[in-house]
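Residues per chain, in single letters:
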Amino acid sequence: MSGTATAMVFLAASASADSIRFWTTEEQPERLAKQQELAAQFEDASGHSVEVIPVTESDLGTRATAAFAAGDLPDVIYHTLQYALPWAEAGILDIDAATDIIEDLGEDTFAPGALNMAAMEDGFASVPVDGWTQMLVYRKDLFDEAGLDAPTSYEAVEAAIEALHNPPEMFGFVAATKVDENFMSQVLEHVFLANGVSPVGADGFQPLDEAATTEVLEFYKAITEASPPGELYWQQSRELYFAGKAAMIIWSPFILDELAGLRDSNPPTITGDPTSTELASKTGIVTNFSGPSNPDGAAWADIRYFGVTSDANTDVAMEFVNFSMEDGYLQTLSIAPEGKFPVRKGTAENASEFAEGWAKLDVGVDRKAPLADLYSQEMIDEIVGGLNVAQRWGVAEGQLSLASKLVNSQVINRLVREYMDGERDASATVAALNEELAKIN
């Protein structure tokens, strides 16, 4: 049954108009307005009203726990990945409702990586809505001129560094080296995942494999040695790439509109024109990235979900989520298209409907343009395709909470930085990582 048909069944089952409450962490005024438009569209289609309630992301966990205890949960919550499985296990989320929605919309229309992160033994904790994957951003024009393969692997990145690193005119890479920046944590997790290395297993902490982790450390040292000196994080990565002085960086997709000269606060400086799309036209991206011990690679992703709660007016809540993921899906994605990749590329009837529609949504701040006007179809496909192989430490093992503690401790950042600074060799660093990480629970 199609999502639209399911919505009609729900509508027929609801004899009278109801009002439901929807919590969202997208609380910026422009994004809130887009969600209120979505609620209005749903009311026009169904007769049911939706109260859109903004909740600060950092408060979401405590708010939900308190509301659950009081029997006063909203009907639907737009939430981050970290809450999907724990909330389902605690009884906050209605697993049957989420699973029914996914099956009605068509499980095979969702990006597998996004679904897998919410998978449970009996179904799905929540319905994937949107997400983004960290990207390896590179100067495709320089790669093409040098006859280099796209930087989809450790080996390809190192080959590109060998060919293109020529400081101070051009740095081969701008790695993350500032230990107390979350940016370094994200980049390192991406690089570890690429080589199939994780510090968590089904039973909790698992010691890092020495051979595969040594490959990670040696690769990270190689990209650091091709970077400028100093404490580097997202700011220097963007500035050097925008100035035409970096061949490769790792960044989030929120760079895509800035790269094309659509944001005055962070313009590309490679030419004298801060509104130029020249750098965007010379840029390629890689989302799925591999190391020698994991040829299939991985993409580091941040996924967001709709959860139907255990206190919900279930039929109307399901109908709203269904509408938001089908007839209203492009409105849902329009809240911030540069960071909301479609987890549904299309429907059973039109497999590319939403991917094509999303690429035509305007991005930018001071100027607006659709991504499809700025980047090639090949690049658009790569952006969306990363969600198929999206991963994070601890998700598949049901240990995301522990993985988050390990990451947030910054132990990995600190010990990797000390290795790069020559304080110990790779073998001793792996041993130190295992010793320190084992203490965290």
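Just above sits the structure.
All values reported here derive from a predicted model rather than from experimental measurement. (Residues numbered from 1 in each chain as written. Predicted model: local features only at pLDDT ≥ 70, side-chain atom pairs only at ≥ 80, totals over all residues. Heavy atoms only, no water.)

Chemist: Can you help me understand the sheet that holds strand E7 (residues 135-139) in this one?
Modeler: Ordered in space as E10-E7-E11, the three strands form an open sheet in which the pairing is antiparallel. The sheet terminates laterally at strand E10 (248-251) and strand E11 (283-286), the two strands that pair on one side only. In this sheet, neighbouring strand axes are inclined to one another by 30 degrees on average, regardless of whether the strands run parallel or antiparallel. Strand direction decides the pairing type here: E7 and E11, joined by four bridges, are antiparallel. Note that in E11 the partner of Val137 across the bridge is Ile285. Lying on the sheet, helix H11 (residues 234-242) is in contact with E7, E10 and E11; it crosses E10 at an angle near 135 degrees. (Pairing = 2+ DSSP bridges. Helix = DSSP H or I, 4+ residues; strand = E, 2+ residues; numbered from the N terminus. Axes fitted to C-alpha atoms, helices over the stretch in contact; angles between N-to-C directions. Contact = heavy atoms within 4.5 Å.)

Chemist: What's the story with the packing of aromatic side chains in this structure? I'm lost.
Modeler: How two aromatic rings sit relative to each other is set out by the distance from centre to centre and by the angle between their planes. Scanning all chains against the criterion turns up 18 aromatic pairs. A centroid spacing of 5.6 Å and a plane angle of 85 degrees characterise the contact between Tyr233 and Trp234, whose relative ring orientation is edge-to-face. Judged by relative accessible area, Trp234 falls into the partly exposed class, the value being 32%. Ring geometry for Phe306 versus Phe320: centroids 6.5 Å apart, planes at 50 degrees, classification tilted. One end of the pair, Phe306, is in strand E13 (residues 294-308); the other, Phe320, is in helix H14 (residues 314-325), and 14 residues separate them in sequence. The exposure class of Phe306 is buried, given its relative accessible area of 2%. Pairwise contacts between aromatic rings join Phe22, Phe42, Tyr78, Phe306, Phe320 and Phe323 into one cluster. Over the face of the ring belonging to Trp23 we find Arg63, whose NZ or CZ atom lies 5.0 Å from the ring centre. (Phe/Tyr/Trp six-rings, centres within 6.5 Å; stacked < 30°, edge-to-face > 60°. Buried < 20%, exposed > 50% of the residue type's maximum accessible area, 1.4 Å probe, protein only. Lys NZ or Arg CZ within 6 Å of the ring centre and 35° of its normal.)

Chemist: Sorry, what's going on with the pairing of strand E2 (residues 49-54) here?
Modeler: On a regular strand, each side chain points to the face opposite its neighbour's, so the side chains alternate between the two faces of the sheet. Pairing geometry for strand E1 (residues 19-24) and E2, over six bridges, is parallel. Its bridge partner being in E2, Trp23 is matched across the sheet by Ile53.

Chemist: What's the story with the pattern of salt bridges in this structure? I'm lost.
Modeler: Between side chains of opposite charge, pairing is possible as soon as their charged atoms come close. All told, the structure shown has 23 salt bridges when counted by the stated rule. Asp144 is the salt-bridge partner of Lys140, the closest N and O atoms lying 3.1 Å from each other. Here Lys140 and its partner Asp144 are both found in helix H7 (residues 140-146), four residues apart, which amounts to about one turn of the helix. Residue Lys140 is classed as partly exposed on the basis of its relative accessible area of 30%. Taking relative accessible area as the criterion, Asp144 reaches 47% and is therefore assigned partly exposed. For Glu418, the salt bridge is made with Arg414, and the minimal N-O distance between the two is 3.9 Å. With Glu418 and Arg414 both in helix H20 (residues 411-420) and four residues apart, the pair spans about one turn of that helix. Residues joined in a network through salt bridges with shared partners are Glu57, Glu189, Asp302, Arg304 and Arg392. (Salt bridge = Lys/Arg side-chain N within 4 Å of Asp/Glu carboxyl O.)

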